[in-house]
Amino acid sequence: MYKEKTIPVVVKEIHQETPNVKRFTLAPLDGWGLPSFSGGSNITTYIEGNSGLLERHYSITSHPDNRQYYQIAIGLSDVSTGGSLYWHQHVKIGDRLKISYPKNHFSISFKAKHHVFYAAGIGITPFISMMADLDSSFELHYTAKSKEKCAFYDYLQQNYPQQCKFYFSQGEGAKRLSADSLLEHKIGTHAYFCGPESFITAFTDFALKNGYPSSSIHFERFTSPRPKSANSFQVQVSNGLTVDVLKDQTLLEALLEAGVKAPFSCRVGSCGTCALKVIEGEVDHYDSFLSEKQKTAQNVILSCVSRAKSEKLVIDL
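Described in the following lines is the structure provided in the data block. From a predicted model like this one, the values you see are computed outputs, not experimental measurements. (Residues numbered from 1 in each chain as written. Predicted model: local features only at pLDDT ≥ 70, side-chain atom pairs only at ≥ 80, totals over all residues. Heavy atoms only, no water.)

Regarding the pattern of salt bridges
Point 1. The final tally for this structure, using the stated rule, is 3 salt bridges.
Point 2. Measuring nitrogen to oxygen at the nearest pair gives 2.7 Å for the salt bridge that ties Arg-23 to Glu-17. Take Arg-23 and Glu-17: they sit in the same class, and that class is buried.
Point 3. Of the charged contacts in the structure, one is a salt bridge between Asp-95 and Lys-92, with a shortest N-O distance of 3.2 Å. (Salt bridge = Lys/Arg side-chain N within 4 Å of Asp/Glu carboxyl O. Buried < 20%, exposed > 50% of the residue type's maximum accessible area, 1.4 Å probe, protein only.)

Rendered as structure tokens:
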């Protein structure tokens, strides 16, 4: 059973971008155009795998003006829990699946005088459609292990040769991308980060410490931040229902399993859709949506990533 309205699509093409990245072209089954989207949008894909329904989120890499198909690029993760592994090993041309309507939690800020994108590895994916959607000035700083493992390298060189700077950490002439490059951008620049959690954290912290307003910093996570230590706790819903949240569960997952129609979207603590009012209890915040003032107030929780510090939470839902 799907948790949102879906679109049936078929896998039309599969292209090997790099040894560990594949690009998939998804076309509508009914032949009509797909819904429009803006640069930075993603879709949720639903595939019936060997162990049940695989639900994963991927950035759309095709041009926002093209509604005949969507393209997504998927890197084979070393720690795959089934999603990327299944896409790489089992999905073939002609397969049918369901996808969500496009959602955008990583949109371009049109207040910026200049846009600078920082990508690490498969973190390049949201920037492909964002660059295509821009008329204003921008630049891309993209780090990968090598040219051969740099997804979309030829495409970027062909379409944006003046705006792209590449940093390869392995091989002859290896060069690493440093957060110090953030100091080179003019006032009014908005910075966008996408890649592993350590990459996002390092560059975001550096930007904040060096004078970038928080409103000028944007990032997208592929996975939700993991608590250093997660304890089980109990949640009482305002209607009287009590739900146990296990150590390896998010509050959102526990609520949905209990049949509670809790709102959600991104599942990584970025969009605020899953925010719930806290009536009683102490919250351990892990989201990137709430302000420090809101977190200190202890009266709201983003159920997809945040947990309880206390043994029990009472929420209004």
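As for the nonpolar core
Most often, soluble globular proteins keep nonpolar side chains buried together rather than apart.
Point 1. Ranked by size, the top nonpolar core spans 28 residues in total, and within it Phe-117, Ile-124, Phe-127, Leu-140, Tyr-142 and Leu-156 carry the most contacts.
Point 2. Looking at this core, the elements that each hand over two or more residues are strand 7 (114-120), helix 2 (125-132), strand 8 (138-144), helix 3 (153-159), strand 9 (164-168) and strand 10 (189-194).
Point 3. It is helix 2 that contributes the most residues to this core, 5 residues altogether.
Point 4. Excluding anything up to four places from it in sequence, Phe-127 contacts Phe-106, Phe-117, Tyr-118, Ala-119, Leu-140, Tyr-192, Phe-193 and Cys-194. (Core = buried A, V, L, I, M, F, W, Y, C linked by side-chain atoms within 4.5 Å. Helix = DSSP H or I, 4+ residues; strand = E, 2+ residues; numbered from the N terminus. Contact = heavy atoms within 4.5 Å.)

Some points on the sheet that holds strand 12 (residues 233-237)
Point 1. On the basis of which strands lie adjacent, the open sheet formed by 5 strands has the order 13-12-18-14-16 and mixed pairing. Two strands in the sheet have a free side with no partner beyond their single neighbour: strand 13 (242-245) and strand 16 (300-302). Strand-to-strand, the axes of this sheet are offset by a mean angle of 40 degrees, without reference to chain direction.
Point 2. With 4 bridges connecting them, strand 12 and strand 13 associate as antiparallel partners. Residue pairing in the sheet places Phe-233 in a bridge with Val-245 of strand 13. (Pairing = 2+ DSSP bridges. Axes fitted to C-alpha atoms, helices over the stretch in contact; angles between N-to-C directions.)

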